[in-house]
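Commentary on secondary and tertiary structure
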Amino acid sequence: MKEYQIAFVGNPNVGKSAWINALSGADFKVGNWPGVTIEKKEARVIWKEEAYHLIDLPGTYALDEVTNEERITTQYLREEPVDLIVNVVDATNLSRNLYLTLCLRELQIPMLLVLNFMDEVDKYHIRIETEKLSRRLQLPVLPYSALDKEHYDDVQEAICMAIHNDVCFAPLLDGEDAQRYYDLCTYLERYMPQEAQTRDIHKLAIQIIHKEEIACRQLVSWHSSWEELHAACHPFEEEQWQRIYQRTLPSLMRYVHEEEADRLRISQKIDYYVLHKYWGFPICFLFFSVLLMIVFNGSAPFNDFIDFFINQMLAKYTAAAISFLPAALQQLILKGILAGVGGVLTFVPLMALLYFMLALLEESGYMSRIAFLFDRSMRVFHLSGKSFVSLLLGFGCNVPAIYATRTLDNEKQKKLTALLVPFMSCGARLPVYVLFASAFFQGKAAVMILSIYGIGILLALIMALVYSRMKGFRTKELFVLELPPYRLPSMSVVFQKVKQEVKAYVHKATTIVLWAMIALWALSYFPNGSTQDSYIARFGKMVAPIYEPLGFGTRWETVAALPGSIIAKETVVGFLDQMLLNSEEEPYEPISLKEDIEETAFALGSACRESITSLLPRQVLEEGEDDSLVQAVHGLWTDRLANLRAFSYMVYVLLSIPCVMTLQAVYREYGRRLLLLSILTMLFVPYLVSLFIFQFFSLIL
Amino acid sequence: MVIEMRLTEISEDQTVRLVDIHLPGEQKRRLMHVGFYEGIRIRFIRRAPMGDPSIYEVCGNAIILRKADAQHIEVEVDV
């Protein structure tokens with residue numbers, strides 16, 4: 001089967017992804033471009049028994065190599081065998097978008113122009129003479145919006161046709177510029193081999209203008225002298241060439257009739273309030289409070305349902321099915337695999353909602369506004385406005401927060417922000433705080449928990465200052481950011497993003513995490529089958545003295561609970577439960593298929609109901625833990641400094657190594673070095689901070 | 001009469017013409033890609049609540065620039 005490479009190219013935010021989604025039926029692979037954290041999207045479709053690879057290239061304004069996005073796109077187009085370029089442009093903003101089109105024509109690759117957002121063109125009373133534009137650019141022009149389902153076939157058809165076009169694009173130049181370019185071509189023609197076609201001459205001319213070394217050498221090898229070459233391309237300095245194209249644009253804009261540039265007007269009216277001097281911040285904070293509330297409260301009932309389904313229903317049937325196996329093996333399957341993987345899977349609803357919100361933020365255009373609002377304050381800490389969003393998402397779950405760093409504008413900022421995300425206290429750490437706060441800080445629990453969150457934020461900012469002294473994280477790059485007009489998000493793009501990420505999360509939960517679970521289970525089960533005398537407990541006893549200066553090391557149970565937190569921080573609670581209470585397993589209820597199905601259906605129903613009714617604030621603290629555990633934890637320390645010890649422990653849990661899914665996310669996005677740096681940080685920082693807190697306050701109290 | 005100034009000295013809703021960008025080649029090119037080239041009209045839209053960065057309208061697009069970068073852009077205005 002013939003395989004074709006189709007590259008989708010365009011400015012940022014013009015809807016390339018939406019078109020690939022549309023044409024591929026939303027079936028594509030997502031990865032990163034080598035070496036950088038920029039998403040690579042690729043779909044393979046079969047049309048008329050031929051295979052087409054649709055490749056989403058990073059959004060760029062020109063074929064330059066200054067930013068990472070530009071470099072990837074430019075190098076890809078110049079070096080890879082591309083059969084067709086689909087240049088997606090924002091039809092409401094042709095004067096800027098067509099500049100890239102002029103650059104792309106230089107490549108002499110068959111090309112299509114897709115005018116996206118045609119629906120908005122009508123709304124803003126813009127009229128585009130597509131036929132004349134098409135003739136001038138020598139390109140097929142397709143005036144269709146990606147939201148318009150009826151035109152998908154037309155675009156598909158056009159792609160299949162255009163791929164076989166023979167192209168020869170002469171740069172569009174006017175007046176003197178055209179004459180100078182013509183002179184250059186005549187000069188080149190003299191030296192080129194006889195069989196060279198016009199297209200080859202243009203190609204070489206452009207390469208010479210861009211001072212590509214290979215082309216220059218080639219020419220000299222055809223007996224032209226460097227002096228001659230230099231004289232011929234003298235009028236076309238790189239900057240000059242850009243200006244020449246900018247001069248050409250108005251002649252193209254003759255085919256676009258708009259009454260007045262009011263494309264930005266509606267957005268500016270909204271921005272008057274959203275970015276207002278006094279109301280800008282309150283509106284943003286209100287927006288995020290509502291957003292996080294919806295994410296937390298909307299997902300909690302589903303989290304509980306998954307927990308119930310796996311740990312009660314599924315566990316019950318599994319237990320019955322494997323009762324013939326030896327005890328240790330039964331324990332491995334139930335306590336190690338099922339409970340462990342289940343524990344990670346309970347976070348799926350929370351994550352899906354967070355990803356959904358993130359995609360909405362990005363697609364609607366509000367993300368850039370947040371960057372604008374917070375840029376000044378974040379810059380104090382060598383971060384940029386968009387880092388703020390990543391850090392904020394971290395309060396929900398660190399995994400999507402790490403993923404969100406991809407939307408930042410430069411590589412160093414991305415890495416720095418990714419290192420800081422784990423300092424944001426995620427939802428899984430809350431149960432640990434709740435347990436210790438209700439055991440030691442009766443009546444002041446909420447304040448203590450909030451102060452833990454505060455310490456996390458404070459340390460993130462301090463660490464930002466520390467890291468930014470390191471060479472790898474300092475930036476002096478130009479900050480240019482486009483503020484796109486507000487747009488209704490394309491739901492197909494939003495749902496695709498959510499689906500992709502959740503799929504990846506579940507996949508990891510059942511592969512890498514699984515092995516971590518089994519190892520941890522084995523450590524807490526062997527040699528005697530009891531947690532209290534397991535290897536992990538022995539290890540806890542052994543290293544506890546190291547933690548004595550921190551206050552909580554006097555009880556080895558608390559130390560032994562820490563390694564388990566790498567699966568998910570909330571496992572600390574379950575571990576302490578086993579350590580302190582040695583609670584007997586409650587026997588599973590007798591199996592009755594009919595009742596169980598009814599019960600599951602009922603639980604799912606009430607989860608759906610609750611997730612909508614409980615969107616309003618809910619008292620998290622009232623849920624509490626069962627009293628016996630609170631009592632047992634309260635009994636951990638009884639001396640004068642008991643509260644301080646508990647607080648020191650809470651801080652340690654906040655700051656210690658993030659869960660395995662977060663580490664995995666850091667590794668996937670940024671590789672081994674940053675992962676190691678992150679682990680090292682999260683080993684030393686919590687120790688130092690808890691040490692400081694305990695020692696300092698034990699002097700005062 | 002024509003008054004020359006820096007882009008940072010512009011007042012709200014004022015429109016100016018770009019004269020030159022005093023930045024190294026790469027950075028200058030990046031600005032040109034988003035529409036900042038000689039002779040283009042720039043309209044000042046608004047400053048961020050904390051005074052920096054600011055939004056400018058160029059070729060029908062809203063572009064955010066920091067003060068540190070915008071002060072290298074030389075503009076002129078007719079009076």
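Each residue is numbered by its place in its chain's sequence as written, counting from 1. Labels follow written order: the first chain is A, the first ligand is 1, and so on. Owing to the predicted nature of the model, reporting of local features is limited to residues with pLDDT of at least 70; listing and counting of side-chain atom pairs is limited to 80 or more, with chain, interface and lining totals taken over all residues. To get the side-chain values, all heavy atoms of the structure are used, and hydrogens and water are removed first.

**Some remarks on the overall build of chain B**
Convention followed: By the criteria applied, helices consist of DSSP H or I runs no shorter than four residues and strands consist of E runs no shorter than two, each listed in order from the N terminus. Only C-alpha atoms enter the radius of gyration; for comparison, a globular chain is expected to reach 2.2 Å times N to the power 0.38, where N is the number of residues. For every residue, the accessible area (1.4 Å probe, protein chains only) is compared with the maximum for its type, and the residue is labelled buried under 20%, exposed over 50%, or partly exposed between those bounds.
When helices and strands are tallied, chain B shows two helices and six strands. Along chain B, helices (α) and strands (β) appear in the sequence β-β-α-β-β-β-α-β when read from the amino end. For 79 residues, the compact-globule estimate of 2.2 N^0.38 gives 12 Å, and the C-alpha radius of gyration of chain B, at 12 Å, lies within 12% of that figure. Considering only C-alpha atoms, chain B reaches an extent of 35 × 30 × 20 Å along its principal axes. Among the 79 residues that make up chain B, the fraction classed as buried is 58%.

**Focus on the domain arrangement of chain A**
Residues and elements named next belong to chain A. Defined as follows: These domain boundaries are the output of an automatic or database domain assignment. Contact definition: two residues touch when any of their heavy atoms are within 4.5 Å. Buried area: the accessible surface (1.4 Å probe) lost by two parts on joining, summed over both. Polar contact is the term for a pair of N or O atoms within 3.5 Å; when the atoms are in protein, one must be able to donate a hydrogen and the other to accept it, and sequence-neighboring residues count only if both atoms are side-chain atoms.
Domain parsing of chain A yields domain 1 (3-162), domain 2 (175-258) and domain 3 (286-429 + 440-542). Taken residue by residue, the interface counts 20 residues in domain 1 and 20 residues in domain 2. With both chains or domains summed, domain 1 and domain 2 bury close to 1900 Å², and 62% of this area falls on carbon and sulfur atoms. If you sort the residues of domain 1 by the area they bury against domain 2, Tyr 99, Glu 106 and Gln 108 come out on top, with a joint share of 33%. On inspection of domain 1 and its partner domain 2, the count reaches seven residue pairs in polar contact (both at pLDDT 80 or more). Elements supplying a minimum of two residues to the side of domain 1 that touches domain 2: helix 3 (94-105), strand 7 (126-128) and helix 5 (130-137).

**Observations concerning a nonpolar patch on the surface**
The following threshold applies: Residues form patches when they are more than 30% accessible in relative terms and have no salt bridge. Like charges link within 9 Å. Nonpolar side chains (Val, Leu, Ile, Met, Phe, Trp, Tyr) link within 5 Å. Note on areas: Shrake-Rupley, 1.4 Å probe, and residue coverage restricted to the protein chains presented here. For salt bridges, the criterion is a side-chain nitrogen of Lys or Arg within 4 Å of an Asp or Glu carboxyl oxygen.
Taken together, the side chains of Phe692(A), Phe696(A), Phe697(A), Leu699(A), Ile700(A) and Leu701(A) present a nonpolar region at the surface, about 670 Å² in accessible area. Mapped onto the elements, Leu701(A) comes out in the segment after helix 31 (660-700).

**Considering the interface of chain A and chain B**
Selection criterion: When residues are sorted by character, Ala, Val, Leu, Ile, Met, Phe, Trp, Tyr, Cys and Pro go into the nonpolar class, Asp, Glu, Lys and Arg into the charged class, and all the rest, Gly among them, into the polar class. Here the rule is simple: two strands pair whenever DSSP picks up at least two bridges between them.
Tallying the contact residues gives 40 residues for chain A and 34 residues for chain B. Interface area, chain A with chain B, both sides summed: about 3600 Å², of which 59% is carbon and sulfur. For Arg66(B), the salt bridge identified is with Asp375(A), shortest N-O distance 2.8 Å. The tally of links between chain A and chain B comes to 13 residue pairs in polar contact (both at pLDDT 80 or more). For the side of chain A that touches chain B, the secondary-structure elements that each account for two or more residues are helix 3, helix 11 (238-252), helix 12 (265-274), helix 16 (366-379) and strand 10 (480-483) of chain A. Residues belonging to the side of chain A that touches chain B are distributed by class as follows: 15 nonpolar, ten polar and 15 charged. Both strand 10 of chain A and strand 5 (residues 61-65) of chain B contribute to a ladder of four bridges, which runs antiparallel. Bridge assignment links Leu481(A) to a residue of strand 5 of chain B, and that residue is Ile64(B).

**Observations concerning the side chain of Thr73(A)**
Topologically, Thr73(A) is positioned in helix 2 (residues 68-79). Ignoring anything within four residues of it in the chain, the contact list for Thr73(A) reads Val9(A), Leu57(A), Pro58(A) and Thr60(A).

**Examining the packing of aromatic side chains**
Residues and elements named next belong to chain A. Selection rule: Note on aromatic contacts: the rings of Phe and Tyr and the six-membered ring of Trp form a pair at centre separations within 6.5 Å, being stacked when their planes are under 30 degrees apart, edge-to-face when over 60 apart, and tilted otherwise.
On inspection of all chains with the given rule, the structure shows 32 aromatic pairs over all chains. Ring centres of Trp 19 and Tyr 152 lie 5.7 Å apart, and the angle between their planes is 65°; this geometry places the pair in the edge-to-face category. Residue Trp 19 is found in helix 1 (residues 16-24), and its partner Tyr 152 is found in helix 6 (residues 152-162); the two are separated by 133 residues along the sequence. Per residue, the accessibility class of Trp 19 equals that of Tyr 152, and both read buried. Centroid distance Tyr 187 to Tyr 191: 5.6 Å. Interplanar angle 70°. Geometry classified as edge-to-face.

**Concerning helix 21 (residues 445-467) of chain A**
Note the following rule: Multiply 1.5 Å by the residue count of a helix minus one, and that product is the helix's expected span.
With 23 residues, helix 21 of chain A ought to run about 33 Å at 1.5 Å a step, and its terminal C-alpha atoms sit 33 Å apart, in line with that. Buried within helix 21 of chain A we find Ala445(A), Met448(A), Ile449(A), Ile452(A), Tyr453(A), Ile455(A), Gly456(A), Leu459(A), Ala460(A), Met463(A), Ala464(A) and Tyr467(A).

**Quick notes on the sheet that holds strand 10 of chain A**
Applied cut-off: Axes here mean lines fitted to C-alpha atoms, for a helix over just the part in contact, with angles spanning 0 to 180 degrees between N-to-C directions.
In space, the seven strands of this open sheet follow the order 10(A)-5(B)-4(B)-3(B)-2(B)-6(B)-1(B), with antiparallel pairing throughout. Of all the strands in the sheet, just strand 10 of chain A together with strand 1 (2-6) of chain B have a single pairing partner and so form its edges. This sheet shows a mean twist of 40° between the axes of neighbouring strands, independent of strand direction. Examined bridge by bridge, strand 1 of chain B and strand 6 (residues 73-78) of chain B share five bridges and lie antiparallel to one another. Within strand 6 of chain B, the residue paired with Glu4(B) across the bridge is Glu76(B).

**Regarding the side chain of Thr558(A)**
Residues and elements named next belong to chain A. Its place among the elements puts Thr 558 in helix 25 (residues 556-560). Classification of Thr 558 by relative accessible area gives buried; the value is 0%. Within the local environment of Thr 558, its side chain forms a polar contact with the backbone oxygen of Arg 555, the two atoms lying 2.7 Å apart.

**Focus: a positive patch on the surface**
Put simply, the rule reads: Charge convention: Lys and Arg are scored as positive, Asp and Glu as negative, and His as well as the terminal groups of each chain are ignored. Note that the charge is assigned to NZ on lysines, CZ on arginines, CG on aspartates and CD on glutamates.
On the surface, a cluster of positive charge is contributed by Lys277(A), Arg376(A), Arg47(B) and Lys67(B). Looking at the secondary structure, you find Lys67(B) in helix 2 (residues 67-70). Residue Lys67(B) is classed as partly exposed on the basis of its relative accessible area, which comes to 45%.

**As for unusual backbone geometry**
Omega for the peptide link from Asp52(B) to Pro53(B) comes to -5°, which places this bond in the cis form. Phi is positive for Gln108(A), which is not a glycine, with a value near 60°. Looking at the secondary structure, you find Gln108(A) in the loop between helix 3 and strand 6 (111-116). Here Gln108(A) falls in the buried class, since its relative accessible area comes to 3%.

**What to know about helix 15 (residues 348-364) of chain A**
Residue and element names in this part refer to chain A. With 17 residues, helix 15 ought to run about 24 Å at 1.5 Å a step, and its terminal C-alpha atoms sit 24 Å apart, in line with that. Residues of helix 15 that are buried: Val 348, Pro 349, Leu 350, Met 351, Leu 354, Tyr 355, Met 357, Leu 358, Ala 359, Leu 361 and Ser 364. Buried residues belonging to helix 15 abut helix 13 (280-321), helix 14 (327-345), helix 16, helix 17 (385-394), helix 18 (398-404) and helix 22 (491-509). Phi turns positive one or two residues past the end of helix 15, at Gly 365, with a value near 100°.

**Here we look at the confidence of the model for chain B**
The condition that has to hold: Every residue carries a pLDDT, the predictor's confidence in it, which falls somewhere between 0 and 100.
Per-residue confidence for chain B gives a mean pLDDT of 89; residues scoring 70 or more make up 100%. Reported for the predicted complex are a pTM of 0.83 and an ipTM of 0.93.

**Brief notes about the pattern of salt bridges**
All names here are of chain A. Summed over the entire model, instances satisfying the criterion amount to 34 salt bridges over all chains. One salt bridge connects Glu 362 with Lys 497, and the closest N-O pair in it is separated by 3.7 Å. On the criterion of sequence distance, the pair formed by Glu 362 in helix 15 and Lys 497 in helix 22 is long-range, its members being 135 residues apart. Of the residues examined, Glu 362 reaches a relative accessible area of 27% and is grouped as partly exposed. The closest approach of N and O atoms between Arg 555 and Glu 557, which form a salt bridge, is 3.1 Å. Classification of Arg 555 by relative accessible area gives partly exposed; the value is 25%. Overall, Glu 557 belongs to the buried group, its relative accessible area being 8%. Taken together, the shared-partner salt bridges in this structure form one network comprising Glu 39, Arg 406, Glu 501, Arg 668 and Glu 669.

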